[in-house]
Amino acid sequence: MTDDEYSARGGEIGPAERLAMNRTGSFDWDLDTDAIDVDDAGLLVLGVDPEGFDRRAASLMRGLDPAERDRLNRMIQEAVSGDSTSYAAHIRLGPPGGPPQWTHVQARILRRADGTAHRVVGVVRDTTTEVMNSEFILNLAKRQEVQTTIVQRTTHALSRAVTVDDVTAALTGPAGLGRLGADGLGLGLVENGNLDLIALSGEGIDVFEDFRSRPLEPGLPLAEAVLSGEARFVSEFPEHVEQDFPRLVPYVHRMPYHSACYLPLVAQARSLGGMALFYRRRNRFDTDERNLLLGLAAIVAQSLQRAILFDEERELATGLQATMLPRRIPKIEGGEIAVRYHAAWSGRQVGGDWYDVIPLPRGRVGVVVGDVQGHDTHAAAIMGQLRIALRAYAGEGHPPSTVLARASRFLAELDTDRFATCTYAQVDLAGGTVRGVRAGHLGPLIRHTDGRVGRPKLRGGLPLGLATVFGEEEFPETRLDLVPGETLVLYTDGLVEQPGTDLEAGLAKLAAAVGGGPPEAEALADHLSDRLWERWGAGDDVALLVLRRSPDPGTPRAPRIHQYIHQADPQGLSDARAAVGQTLVDWGMPELADDAELLTGELLVNVLLHTEGGAVLTLEVLPEPVRRVRLSVQDRSSGWPRRRTPGEAATSGRGLLLMDAIAARWGVEPRGEGKAVWCELEPVEPHAGSEGSDGQERNGRTGGGGTAADATRRAADWIEDEG
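*Asks:* Before we move on, can you summarise the side chain of Thr 583 with the specific residues and values?
*Replies:* Relative to the helices and strands, Thr 583 resides in helix α18 (residues 570-586). With sequence-adjacent residues up to four places away left out, Thr 583 is seen in contact with Ile 561 and Leu 619.

Below, the structure is given as structure tokens:
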């Protein structure tokens, strides 16, 4: 518009001028003739020269990208052929690869009375600035979201890292590089003047294995970043290395990276090391990205500082704990012992659990596990003093009850408010006698030779220290019998207590693990370590002691088995009968199985009914020249069996009669504090009138052998003869 036209209107700006000033033009499209009129502003927006415009719609679309042109044509055809009254679209102008220009088309469709479209009028507006601003804002928002996600995920992963190994695992694990937004990583720590690479992750990063430990001096990019304390951002990674670090040229061409950054790790003004991040597709580092990487380096440095401090404290604490526990376990005759200790994973918060093996007079051995209250270095110090005192009292030869009473008094006299629990046992491996006592501690487990696990009821008293304070220094003893091949397991509560789980459930799991493990002491201790405390975590200390009495298998020509049957274990009686029968079948003597099972039941029932303890069952094949099977049941009663003549209605008194009728010979022998009742079976029927080994006449009147029914009939005949 000329100045004269502008003045003629009184200085007002008309609609056309307003549209042109806003880079907006109009068009009028006659669909019948396909002629389209576009004003100059519209042609300018569409990038069409007014001089060469032929009023054809195709001419307006000639400059569009083919894909964009097809999209616009489809949209117009659908709107015109349908019942739409308008359409609108954003279209991209300009050649592919050039600077983008965006135009917004908004049109109204005019229709005849019959609904057919005959005219389209509308406006076109240059929206390049709006679209680019919107795209910039969206990209900025996306970058900020990505950066926030990187920080949050990295912080979350490192917040759970406790040790230096945990930190490296969080950075190099399956999702570690993804959390950092990088494709490769190298992490180094400064130690004793060296820069030690403790973590390498990503494709091709293993080429730096030759640089695992190098003096901290110029010549390597990460070392220079650590020495200067300044981060280095490299957009052209290979070219930069070739120019400034020729020593690395043989390595970098084996790495698929285009850019890298070297970040010093500084915490509380202390240089801990450096972190290198590598990228495949990144070409530059803008200000926001550099700030993000510097922030990540600070987060990693703080995590490493905490982890290094924890590892140092842990090393100090475990060193203190190690000095308090026995340095070696003495070898013992007649058995094997294995011990394990597992410290709680909580920095200096070590516990007071302990174990000990004490040589005693007369070839015995003392075993103990205990736990001092608390989880700190004070508990560990108290534990060390108490262990030494208890060891001294036991070494003087005192009985277990006296040992614990004196240990309780010793703990009460220390300047501490701590108490302790423990289980102590004196073991005679030659005879299998175990004298045990508890002071507020969990009782032991015994694994029998057939794999069953028992929980003997071990009597005891109050925890050490408290017992003296309350004037209750009585620790009653309990005698147990450990037959050859059986195993005694002592432990602290950390092995069976699991958060949120009942103690009985933990004891049941321990018993199952003991029964399902290998018989050897060392192998069983390893089995329990793998199955229990490593699975449950490290909330508490664990002390474990496994003592196995050496098995007594006999020889291939004279095999032997032993089994202990508890008094309150009727299932054990049934299992023992079945084990005897099956063993004789396995030994190639199936014809004796029925008689042996019957005699096993009779001998064990007599012990369990008429004595106050359990019994040790021994089944063995006596060596040639006479190959016999001997069955022996040992108990702690001094009363010998007495032959009776039961009446017809009597419910007992026929055990010895059955033994007379079935066994080739039988007898009674004194055994320490008790006795052993034995009998022998022969595959071939012997002569009558044999004599027992104890010097008393044991008349096998029928010669033994046969079935249980035959034995019953022979016993009835014997009773009738005697009557």
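*Asks:* Tell me what's going on with the nonpolar core, and back it up with residues and numbers.
*Replies:* Residues Val 367, Leu 390, Leu 404, Tyr 424, Leu 464, Leu 545 and Leu 547 are the most contacted members of the largest nonpolar core, which totals 50 residues. A per-element tally of this core places helix α13 (residues 377-395) first, with eight residues. Contacts of Leu 547, omitting those with residues within four sequence positions, involve Glu 336, Ile 337, Val 365, Val 367, Val 427, Leu 429, Leu 482, Glu 486, Thr 487 and Leu 488. Grouped together as the second largest cluster of nonpolar side chains are 35 residues, Ala 157, Leu 180, Leu 265 and Tyr 279 included.

*Asks:* Break down the sheet that holds strand β17 (residues 445-447) for me, citing the residues and quoting the values.
*Replies:* In space, the five strands of this open sheet follow the order β12-β22-β21-β17-β18, with antiparallel pairing throughout. One side of each edge strand has no neighbouring strand; the edge strands of this open sheet are β12 (335-342) and β18 (453-454). Here two bridges tie β17 to β18, and the two strands are oriented antiparallel to one another. Looking at β18, one finds that Ile 446 is bridged to Gly 454. The strands that helix α16 (residues 503-516) touches are β17, β18 and β21 (487-491); relative to β17, the one it contacts most, it runs at about 25°.

*Asks:* Provide a residue-level description of the packing of aromatic side chains, including the pertinent values.
*Replies:* All chains considered together, the criterion is met by eight aromatic pairs. Taking 5.4 Å as the distance between ring centres and 50° as the angle between the ring planes, the aromatic pair formed by Phe 233 and Phe 285 counts as tilted. Of the two residues, Phe 233 sits in strand β9 (residues 232-234) while Phe 285 sits in the loop between β11 (270-279) and α12 (287-324), which places them 52 residues apart along the sequence. In this structure, Phe 233 and Phe 285 share a single accessibility class: buried.

*Asks:* Summarise the pairing of strand β6 (residues 184-191); cite the residues concerned and give the values.
*Replies:* Looking along a regular strand, one sees side chains alternate from face to face of the sheet. Taking burial as the measure, the eight residues of β6 include six buried ones, the bulk of the element. Pairing of β6 with strand β7 (residues 194-202) involves eight bridges; the strand directions are antiparallel. Among the inter-strand pairings, Gly 186 is bridged to a residue of β7, identified as Leu 200. A loop of two residues connects β6 with β7, the two strands running antiparallel in sequence, and Asn 192 in this loop sits at a positive phi of about 55°. Both β6 and β11 contribute to a ladder of six bridges, which runs antiparallel. Along β11, the bridge assignment pairs Leu 189 with Gly 273.

*Asks:* Give me the environment of Arg 119: which residues, what numbers.
*Replies:* Note that Arg 119 resides in strand β5 (residues 117-126). It is 6.1 Å that separates the C-alpha atoms of Arg 119 and Ile 109, two residues lying ten residues apart in sequence. Those residues in contact with Arg 119, other than ones at most four positions away along the chain, are Asp 28, Trp 29, Leu 31, Arg 108, Ile 109 and Leu 110.

*Asks:* Got a sec to walk through the pattern of salt bridges? Specific residues and values, please.
*Replies:* Applying the stated rule across the entire model yields 30 salt bridges. Between Glu 209 and Arg 212 there is a salt bridge; the shortest N-O distance is 2.9 Å. With a relative accessible area of 30%, Arg 212 lands in the partly exposed category. Between Glu 224 and Arg 232 there is a salt bridge, and its shortest N-O distance comes to 2.8 Å. The exposure class assigned to Glu 224 is partly exposed, which follows from its relative accessible area of 25%. Overall, Arg 232 belongs to the partly exposed group, its relative accessible area being 25%. Among the charged side chains, a network of salt bridges with common partners joins Arg 628, Arg 630, Arg 665, Glu 669, Glu 680 and Glu 682.

*Asks:* Go over unusual backbone geometry with me, naming the residues and quoting the values.
*Replies:* Backbone geometry follows two general trends: most residues other than glycine have a negative phi, and most peptide bonds adopt the trans configuration. Located in the positive-phi region is Gln 268, a residue other than glycine, with phi close to 55°. Counting through the fold element by element, Gln 268 comes out in the loop between β10 (259-267) and β11. You will see that Ala 269, though not glycine, has its phi angle at about 65°, which is positive. If you trace the backbone, Ala 269 turns up in the loop between β10 and β11.

*Asks:* Can you break down the sheet that holds strand β3 (residues 86-93) residue by residue, with the values?
*Replies:* If you walk across this open sheet you meet the five strands as β2-β1-β5-β4-β3, and the pairing is antiparallel. Across the chains shown, the open sheet's two edge strands, defined by having one partner strand only, are β2 (35-38) and β3. Within the sheet, the average angular offset between the axes of one strand and its neighbour, ignoring direction, is 20°. Where β3 lies against strand β4 (residues 101-111), eight bridges are found, and the strand directions are antiparallel.

*Asks:* Describe in detail the confidence of the model for the protein, supporting the description with residues and values.
*Replies:* With 83% of its residues at a pLDDT of 70 or more, the protein shows a mean pLDDT of 81. Mean pLDDT values for the elements of the protein range from 43 in helix α21 (residues 708-722) up to 96 in β21. This stretch, residues 686-709, has a pLDDT under 50; its non-local contacts, to residues over four places away or in other chains, come to 54 contacts. Note on residues 711-723: pLDDT under 50 across the span, and 21 contacts to partners over four residues away in sequence or across chains.

*Asks:* Pulling in residues and values, what's your account of the packing of α13 against helix α14 (residues 400-413)?
*Replies:* Where α13 meets α14, the closest approach of the two axes is 9 Å, and the angle between their N-to-C directions is 145°. As for the relative orientation of α13 and α14, their crossing is right-handed in sense. Where α13 approaches α14, its residues Ile 382, Gln 385, Leu 386, Ala 389, Leu 390, Tyr 393 and Ala 394 are matched on the opposing element by Val 403, Leu 404, Arg 406, Ala 407, Phe 410 and Leu 411. Here the contact of α13 with α14 is composed, by residue class, of eleven nonpolar, one polar and one charged.

*Asks:* Residue-level account of α18, with values.
*Replies:* Over its 17 residues, α18 runs 25 Å from end to end, which matches the ideal 24 Å to within 8%, given 1.5 Å per residue. Those residues of α18 that fall on the buried side of the exposure criterion are Gly 572, Leu 573, Ala 576, Val 580, Gly 581, Thr 583 and Leu 584. Taken from the residues just after α18, Gly 588 is the one with a positive phi, measuring 85°.

*Asks:* Report on α13, specifying residues and quantitative values.
*Replies:* Between the first and last C-alpha of α13 there are 27 Å, a value that for 19 residues agrees with the 27 Å anticipated at 1.5 Å per step. Every buried residue of α13 is listed here: Ala 379, Ala 380, Ile 382, Met 383, Gly 384, Leu 386, Arg 387, Ala 389, Leu 390, Tyr 393 and Ala 394. A positive backbone phi angle near 90° is found at Gly 397, which sits one or two residues after α13.

What counts, and at which threshold
For every chain, the first residue of the written sequence is number 1, and numbering continues from 1 onward in sequence order. A pLDDT threshold of at least 70 governs which residues receive local features in this predicted model, and a stricter bar of 80 or more applies before side-chain atom pairs are shown or counted, although totals over entire chains, interfaces and linings include all residues. Heavy atoms from the whole structure form the basis of all side-chain values; hydrogens and water molecules are not counted. Strands are runs of DSSP state E lasting at least 2 residues, helices are runs of H or I lasting at least 4, and numbering of each runs from the N terminus. Residue contacts are counted whenever heavy atoms from the two residues lie within 4.5 Å of one another. We call a set of buried residues a nonpolar core when its members are Ala, Val, Leu, Ile, Met, Phe, Trp, Tyr or Cys and they connect through side-chain atoms within 4.5 Å of each other. Buried residues are those whose accessible area, probed at 1.4 Å on protein chains only, stays under 20% of the maximum for their type, while exposed residues exceed 50% and partly exposed ones sit between those limits. Strands qualify as paired when DSSP identifies two bridges or more between them. All axes are obtained by fitting lines to C-alpha atoms, using only the stretch in contact for helices, and the reported angles, taken between N-to-C directions, cover 0 to 180 degrees. Pairing of aromatic side chains requires ring centres within 6.5 Å, counting the rings of Phe and Tyr and the six-membered ring of Trp. Pairs whose planes differ by under 30 degrees are stacked, by over 60 edge-to-face, and all others tilted. In the sections that follow, a salt bridge refers to a side-chain nitrogen of Lys or Arg positioned within 4 Å of a carboxyl oxygen of Asp or Glu. Every residue gets a pLDDT, meaning the predictor's confidence in that residue, from 0 to 100. Note on convention: near helix rotated counterclockwise from far helix by under a right angle means a left-handed crossing. Clockwise means right-handed. Polar here means any residue other than Ala, Val, Leu, Ile, Met, Phe, Trp, Tyr, Cys and Pro, which are nonpolar, and Asp, Glu, Lys and Arg, which are charged; Gly is therefore polar. For a helix, the expected span equals 1.5 Å multiplied by the residue count minus one.

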